[in-house]
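One-letter residues, chain by chain:
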Amino acid sequence: MVATKKTKKAHENINSRLALVMKSGKYTLGYKTTIKSITTNKGKFIIIANNCPPLRRSEIEYYAMLAKVGVHHFNGNNVDLGTACGKYYRVSCLSIVDPGDSDIIKTVSGDQ
């Protein structure tokens, strides 16, 4: 009971911080632009949905490891991630270029 409450609260915490990034920061949605932002050293933090294909996920993680960028595995599928971003479409991965007013990079990196 307690563990589910804690994970639900953490999930809501990430969603609210992600909404703040969408409002005040800069980001790129999608696989191609995420890879592009990592390779050009513009991406600061990567979020991947849990149903992202394994080969694609491992490629993003590999590029992120080379660029020393943090990666967070979202506890929801690509529909949930798209909804958390405030979009009406599916988002498998996103890159945060500028967090804006949000402290999502410090908070999520500290949890892991």
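Predicted, not measured: the structure shown is a model, and the values here were computed from it. (Residues numbered from 1 in each chain as written. Predicted model: local features only at pLDDT ≥ 70, side-chain atom pairs only at ≥ 80, totals over all residues. Heavy atoms only, no water.)

Student: Just checking my understanding: could you explain the overall build of the chain for this structure?
Tutor: The secondary structure content of the chain amounts to 5 helices and 4 strands. Traced from its N-terminal end to its C-terminal end, the chain shows the element sequence α-β-α-β-α-β-α-β-α. Taken over 112 residues, the chain has a buried fraction of 36%. Long-range pairs, those at least 24 residues apart, make up 78% of the contacts in the chain with a sequence separation of at least 6. (Helix = DSSP H or I, 4+ residues; strand = E, 2+ residues; numbered from the N terminus. Buried < 20%, exposed > 50% of the residue type's maximum accessible area, 1.4 Å probe, protein only. Contact = heavy atoms within 4.5 Å.)

Student: Explanation requested: the environment of Lys-42 in the structure shown.
Tutor: The topology assignment puts Lys-42 in the loop between helix H2 (31-39) and strand S2 (45-48). Considering only alpha carbons, one finds Lys-42 and Ser-95, 53 residues apart in sequence, at a separation of 8.9 Å. Ignoring sequence-local partners within four residues, the contact set of Lys-42 consists of Ser-37, Ile-96 and Val-97.

Student: Looking at this structure, how should I read the pattern of salt bridges?
Tutor: Here the idea is simple: oppositely charged side chains can pair when their charged atoms come close. Under the definition given, this model contains 1 salt bridge. Note that Arg-17 is salt-bridged to Asp-103, the shortest N-O span being 2.8 Å. You can see Arg-17 sitting in helix H1 (residues 2-24) and its partner Asp-103 sitting in the loop between strand S4 (93-98) and helix H5 (104-111), a full 86 residues away along the chain. Take Arg-17: its relative accessible area is 21%, and that puts it in the partly exposed class. (Salt bridge = Lys/Arg side-chain N within 4 Å of Asp/Glu carboxyl O.)

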